[in-house]
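For reference, the chains in residue letters:
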Amino acid sequence: MATVTIRPKTHRDIQGALEPRLKRALEGEVRFGRFDRGRYATDASIYQIEPLGVVIPRTTADVEATLEIVRDEGVSVTFRGGGTSQAGQTVGAGLVIDTSKYLNSTDDPEPGDESVWVEPGIVLDELNRRLKPYGLMFPVDISTGSQATIGGMTANHSCGSRSLRYGVMVDNVQAIDSVLADGSRTRFGLEGDNEWPVPSEISRTVSTIMVRERDEIAARFPKTARQVGGYNLDRLDPGGDDLTKLLVGSEGTLAYFRKIKLKLTAPPRNKVLGVCHFPTFFEAMDSAQHIVRLDPTAVELVDRSILDLARAIPAFASLLPSFVRGEPDALLLVEFAGDDLGLQQSKLRQLEDLMGELGLPGAVVEAEAPAFQSDIWELRKAGLNIVMSMKGDGKPVSFIEDCAVPLEHLAGYTSRLNEVFARHGTKGTWYAHASVGCLHVRPILNLKLEAETLKMRAIAEEAMAMVREYKGAHSGEHGDGLARSEFHEPMFGPRIVRAFEEVKDSFDPDGLLNPGKIVRSSRMDDRTLFRFKPGHAPLALKTALNWSEWGGFLGVSEMCNNNGACRKLADGVMCPSYRATRDERDTTRGRANSLRLALSGQLGEGALTDRAMYDTLELCVGCKACKRECPTGVDMARMKTEFLYHYHRRHPRRLRERVIAELPRLAPHLSKLAPLANLGQRAASYAGLGFDRRRTLPAWRTDSYRAAGAQGPGDPVLLFADTFNRYFEPDNLRAAETVLGALGFAVETADPSDERPLCCGRTYLAAGMVEEARREARRTARALTPFVESGTPIVGLEPSCLLTLRDEFAVLLPQDEFGGLGQASQMLTEFLDKHLERMPVRNDAAEMDVIYHGHCHEKAFGTVPALHRVLEALPGCRPRAIGAGCCGMAGAFGYRAETFDTSMRMAEASLLPAVREAAPSTEIVANGFSCRHQIMEGSGREARHIAQFIADSLRL
């Protein structure tokens, strides 16, 4: 009889069995492709662990079915919300379950009951938007509130800036409905008639621990204002009756949270903010213990490194002068809040007096206007992303980020820690919660180098020893994860660590739930778990654009720190495709991760030009919101251009893409045959080019714009006539000539001929045709250089075209060709904003309401305020911004059959509803050609370019 050899199951075998079972059993999405696994291999930490696959459940039943299958297959699971964990809690080698896309419902608060049940995937800011009509809020206000989910906040024991007033997650979670590893439903919390009681085995284990280790718990758990390490045994009542507090901070290792009951509060009616300036970091830290005696709601640190970096970030550069005086080494943001404004203003005066007593008179900048306060807080909230905006391989690294010490030791601790950094040849960045002695500190290290990893280890051990010396906590906010779990034994002692293991084993005897976190962890400096894997070499790639500022194309993809600001659902623009799909693939983060993995060789051969990479970037509409709103400045529009350049060297472009790219060259000829061209494109484009039949294509005009040339004795202005206004809406350019002439300027042109007008190359860039775009940029730059040298302003109407001269030309051309073109180029609104005193006056103007929509590139380059000021200067005009993100048209994106529906979802998010709600008499202004088209197509309302609107308003 033959001997049968039984081969053990391999990683591939498990994947092969798991994927079809999950797809048959679940209503939700099951993803096992290498790109999806790569996107879920990282969170906002330094770690990267590729999972077997990803499940995106539509229902709780999907989660329960998944747990049943993984039990049968012996596969571990890691639950994930926004993926913003700083310590590696949401990465694991088993199956990742992403609850953020669908499991985000909330109950309505009961009248008189200041609590609410929510699903784990609801984002904090979204929850507070839903609670606002009830006059309630959830007060744990973490800086990542626009992307962090309540499930993740509960699992990681989040704290926030105002914990001094409202407490932390464990203080604000009243009950949790859970699914345990064995599939049983359990409700934790004192909820009366509980149909899902806590299993007796768990209750007995915890009760035994509480009795046996009572003295050890009292002796070993830190008594600091912040302590979130390990399991919360110190928070349980002596009998261990309510285990809700044990689940908070358990990092997904004990149970899945089906629903969470939150304690709510009414928001304060008034807030005031004092920005305290300190000449030295030590003085700021030493002052915190005195400031908290004034009973503030928050005392937050912003150090010099953040201020210096913020000055280079467009979103903050213009803001800093409004509240930063001189060159402080540190700021403390001190907030007072309550219902009595007079009392809060009195507190602000007391703060000023205190600063004087501390030897710093006049060191407080007061902020009472809500909008001003909000702007200042945005800088603090972006602290993490700002410090991560450092270019190059050296980055501020999170591993001792959340150590907390008693407030009276804060100055001494931070001073000694800076000495540790200096001894190891580095320095740290500091920000966050001075009020509770928990500062987010990140030493700057290059973890691609083994020597720097050894340095990280040495710093960690010295810092942890110092924290223990001060009777502090090594985890003061962001939990344990892979970064701090291994340090539990020296912190809590072996008896408490064994108790943690008993807790874990009673809930999850097979170790299926997020293994390796809190108990039985790996070493925090295991390089095989890092994003930068030993042995991986970047691709040898000759890039089409100049990425030298970031150290190459891989370097710019590594600028994404995974903090997930691109996952916000309101305010700003970023990221419009994610807002439409709620899919991780369609975030700026998802795209940057995919590019990073491909460029570093971690997705295998040919990944950069794989169809899956094309699909990953397909819904990027080139809005450039990430260039401004991502605090690390990830410009995915430019990165997509580079990708398409390489992709189409392997895969031919469709006829549609070639035709659109060549539009500026074709336009002069097609416009001469406008009636035939319009008829022909309607007949051919839908069938042959793949445009959606629900779209009406722009109509060519026979009376295309031809510049009249310089007129009158006024100062010269060059009007840059873009293709879209020239051939589709020439009245806008004529109106701009009229307006500029009425203000006393002589309009000039630089076009060499009507047959070959100047072009910004934007259509080529959108297709990845970089060399063609470079030729257009060189031709345009040469033609405009004499005007630049003579000091003539270059003014344009179409944001995506004019701002390309300011932006992409700098990476298409060498500096000697680009010269001062970027500084000379400006939107019409920017130019008019500088000359409002020349605006003609009308005494008979009627009052009119105007709503305006800023083009994405106008928002990205900060020109929308100029648009508002110009409208405000018009007689009788009452302008109001439409609180909208991207219009969704985005050049050809909204016309394509395969992206039409996504385009309309983007528009319906806020733009089109706002337009429909506007009174019929309300005027609509939009400077973007695509924006005007989308507004007309989606609402039937006409939007006008500001040039036309001004000319009509002033009867020019």
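Look up a bit, the structure's there.
To keep things clear, this report deals only with the structure shown in the data block.

What counts as what
Residues numbered from 1 in each chain as written. Predicted model: local features only at pLDDT ≥ 70, side-chain atom pairs only at ≥ 80, totals over all residues. Heavy atoms only, no water. Pairing = 2+ DSSP bridges. Helix = DSSP H or I, 4+ residues; strand = E, 2+ residues; numbered from the N terminus. Axes fitted to C-alpha atoms, helices over the stretch in contact; angles between N-to-C directions. Patch = residues over 30% accessible without salt bridge, like charges linked within 9 Å, V, L, I, M, F, W, Y side chains within 5 Å. Areas by Shrake-Rupley, 256 points an atom, 1.4 Å probe, with all protein chains shown as cover. Salt bridge = Lys/Arg side-chain N within 4 Å of Asp/Glu carboxyl O. Lys, Arg positive; Asp, Glu negative; His and termini not counted. Charge placed at Lys NZ, Arg CZ, Asp CG, Glu CD. Core = buried A, V, L, I, M, F, W, Y, C linked by side-chain atoms within 4.5 Å. Buried < 20%, exposed > 50% of the residue type's maximum accessible area, 1.4 Å probe, protein only. Contact = heavy atoms within 4.5 Å. Phe/Tyr/Trp six-rings, centres within 6.5 Å; stacked < 30°, edge-to-face > 60°. Lys NZ or Arg CZ within 6 Å of the ring centre and 35° of its normal. Parallel < 35°, antiparallel > 145°, perpendicular 65-115°, else oblique. Left-handed = near helix turned anticlockwise from the far one by under 90°. Polar contact = N/O pair within 3.5 Å; in protein donor to acceptor, adjacent residues only side chain to side chain. Nonpolar A, V, L, I, M, F, W, Y, C, P; charged D, E, K, R; others polar. Disulfide = S-S within 2.5 Å. Expected span 1.5 Å × (residues − 1).

## As for the sheet that holds strand β8 (residues 256–263)
For step 1, the next point in the chain: Spatial ordering of the open sheet is given by β5-β8-β6-β7, a layout of four strands whose pairing is antiparallel. One side of each edge strand has no neighbouring strand; the edge strands of this open sheet are β5 (115–118) and β7 (185–188). Taken pair by pair, the neighbouring strands of this sheet meet at an average axis angle of 15°, ignoring direction.
For step 2, the next point in the chain: Bridge count between β5 and β8: four bridges; the pairing is antiparallel. Within β8, the position partnered with Ser-115 by the bridge is Lys-263.

## Some words on a negative patch on the surface
For step 1, the next point in the chain: Together, Asp-108, Glu-110, Asp-113 and Glu-114 make up a region of like negative charge exposed at the surface.
For step 2, the next point in the chain: Within the element layout of this structure, Glu-114 appears in the loop between β4 (95–98) and β5.

## A short note on the nonpolar core
For step 1, the next point in the chain: Ranked by size, the top nonpolar core spans 110 residues in total, and within it Leu-233, Leu-332 and Ile-400 carry the most contacts.
For step 2, the next point in the chain: At seven residues, the largest contribution of residues to this core is made by helix α18 (residues 450–469).
For step 3, the next point in the chain: Not counting residues within four places of it along the chain, the set of residues in contact with Leu-233 comprises Ile-209, Met-210, Ile-217, Phe-221, Leu-246, Ala-499, Phe-500 and Val-503.
For step 4, the next point in the chain: One finds Leu-595, Ala-598, Leu-617 and Leu-805 within the second-largest nonpolar core, a separate group that totals 88 residues.

## Quick word on the pairing of strand β2 (residues 53–56)
For step 1, the next point in the chain: By the alternation rule, side chains of β2 split into Gly-53 and Val-55 and Val-54 and Ile-56, which are all buried.
For step 2, the next point in the chain: The pairing of strand β1 (residues 29–31) with β2 spans three bridges and is antiparallel. Residue pairing for β2: Val-30 is matched across the bridge by Val-55.

## A closer look at the pattern of salt bridges
For step 1, the next point in the chain: For the coordinates displayed, the defined rule picks out 89 salt bridges.
For step 2, the next point in the chain: Arg-416 is the salt-bridge partner of Glu-469, the closest N and O atoms lying 3.0 Å from each other. Separated by 53 residues along the polypeptide, Glu-469 in helix α18 and Arg-416 in helix α17 (residues 410–423) bring together distant segments of the chain.
For step 3, the next point in the chain: A relative accessible area of 30% places Arg-416 in the partly exposed class.
For step 4, the next point in the chain: Put simply, Arg-916 and Glu-908 hold a salt bridge, and the shortest N to O gap is 2.6 Å.
For step 5, the next point in the chain: A single network of salt bridges, built from pairs that share partners, joins Lys-624, Lys-627, Asp-635, Arg-638, Arg-762, Asp-807 and Glu-808.

## Side note on the packing of aromatic side chains
For step 1, the next point in the chain: One pass over the structure, following the stated rule, counts 19 aromatic pairs.
For step 2, the next point in the chain: With centroids separated by 6.2 Å and ring planes inclined at 80°, the aromatic side chains of Phe-691 and Tyr-895 adopt a geometry described as edge-to-face. With a gap of 204 residues between them, Phe-691 in the loop between α30 (674–689) and β16 (715–720) and Tyr-895 in the loop between β21 (877–881) and α42 (900–909) connect regions that are remote in the sequence.
For step 3, the next point in the chain: Residue Phe-691 is classed as buried on the basis of its relative accessible area, which comes to 10%.
For step 4, the next point in the chain: Since its relative accessible area comes to 7%, Tyr-895 is described here as buried.
For step 5, the next point in the chain: Here the guanidinium or amino end of Arg-162 rests over the ring plane of Trp-377, the centre of that ring lying 4.8 Å away.

## Description of the packing of helix α25 (residues 611–618) against helix α27 (residues 636–650)
For step 1, the next point in the chain: Put simply, α25 and α27 touch, their axes get as near as 11 Å, and they point 150° apart. Considering the angle they form, α25 stands roughly antiparallel to α27. Crossing geometry of α25 relative to α27 is assigned as left-handed. Side by side, α25 and α27 meet where Arg-611, Met-613, Tyr-614, Leu-617 and Glu-618 of the first sit next to Met-636, Lys-640, Phe-643, Leu-644 and Tyr-647 of the second.

## Concerning the side chain of Gln-227
For step 1, the next point in the chain: Here Gln-227 is to be found in the loop between α9 (214–220) and α10 (244–247).
For step 2, the next point in the chain: For Gln-227, a relative accessible area of 9% puts it in the buried group.
For step 3, the next point in the chain: A polar contact is formed between the side chain of Gln-227 and the backbone oxygen of Gly-229, at a distance of 2.9 Å.

## Focus on the packing of helix α32 (residues 730–742) against helix α45 (residues 946–953)
For step 1, the next point in the chain: Two numbers describe how α32 lies on α45: the axes approach to 8 Å, and their chain directions differ by 55°. On the basis of the axis angle, α32 is oblique to α45. In the packing of α32 onto α45, the handedness of the crossing is left-handed. Between α32 and α45, the residues in contact are Asp-731, Asn-732, Ala-735, Ala-736 and Val-739 and Ala-947, Gln-948, Ile-950 and Ala-951, respectively.
For step 2, the next point in the chain: Of the residues assigned to the contact of α32 with α45, the class counts are six nonpolar, two polar and one charged.

## Description of the sheet that holds strand β18 (residues 794–796)
For step 1, the next point in the chain: The strand order across the open sheet formed by four strands is β17-β16-β18-β19, and the pairing between neighbours is parallel. The outermost strands of the open sheet, each flanked by one partner alone, are β17 (745–748) and β19 (825–827). Neighbour to neighbour, the strand axes of the sheet diverge by 40° on average, direction disregarded.
For step 2, the next point in the chain: The pairing of β16 with β18 spans three bridges and is classified as parallel. Note that in β18 the partner of Phe-720 across the bridge is Gly-796.
For step 3, the next point in the chain: Set on the sheet, α32 makes contact with β16 and β17; between it and β16 the angle comes to about 165°.
For step 4, the next point in the chain: The strands touched by helix α35 (residues 799–806) within the sheet are β16, β18 and β19, with β19 carrying the most contacts at an inclination of about 155°.

## Focus on unusual backbone geometry
For step 1, the next point in the chain: Cis geometry is found at the peptide bond from Met-574 to Cys-575, where omega equals -10°.
For step 2, the next point in the chain: Phi angles above zero are rare outside glycine, and Ile-518 is one such case at about 70°.
For step 3, the next point in the chain: By the element assignment, Ile-518 lies in the loop between α21 (494–507) and α22 (553–557).
For step 4, the next point in the chain: You can call Ile-518 buried: its relative accessible area is 3%.
For step 5, the next point in the chain: Here Ala-890, not a glycine, exhibits a phi torsion of approximately 50°, which is positive.
For step 6, the next point in the chain: Inspection of the secondary structure assignment puts Ala-890 in the loop between β21 and α42.

## Observations concerning the state of the cysteines
For step 1, the next point in the chain: Following the criterion strictly, the structure yields zero disulfides and no others.
For step 2, the next point in the chain: Unpaired in terms of disulfides, Cys-575 finds its nearest cysteine sulfur in Cys-623, a separation of 6.1 Å.
For step 3, the next point in the chain: Taking the relative accessible area as the measure of exposure, Cys-575 reaches 5% and is therefore buried.

## Details of helix α1 (residues 11–25)
For step 1, the next point in the chain: End to end, α1 covers 21 Å across 15 residues, agreeing with the expected 21 Å (1.5 Å per residue, within 8%).
For step 2, the next point in the chain: The inward-facing, buried residues of α1 abut β1, α2 (34–39), β2, α3 (60–73) and β4.

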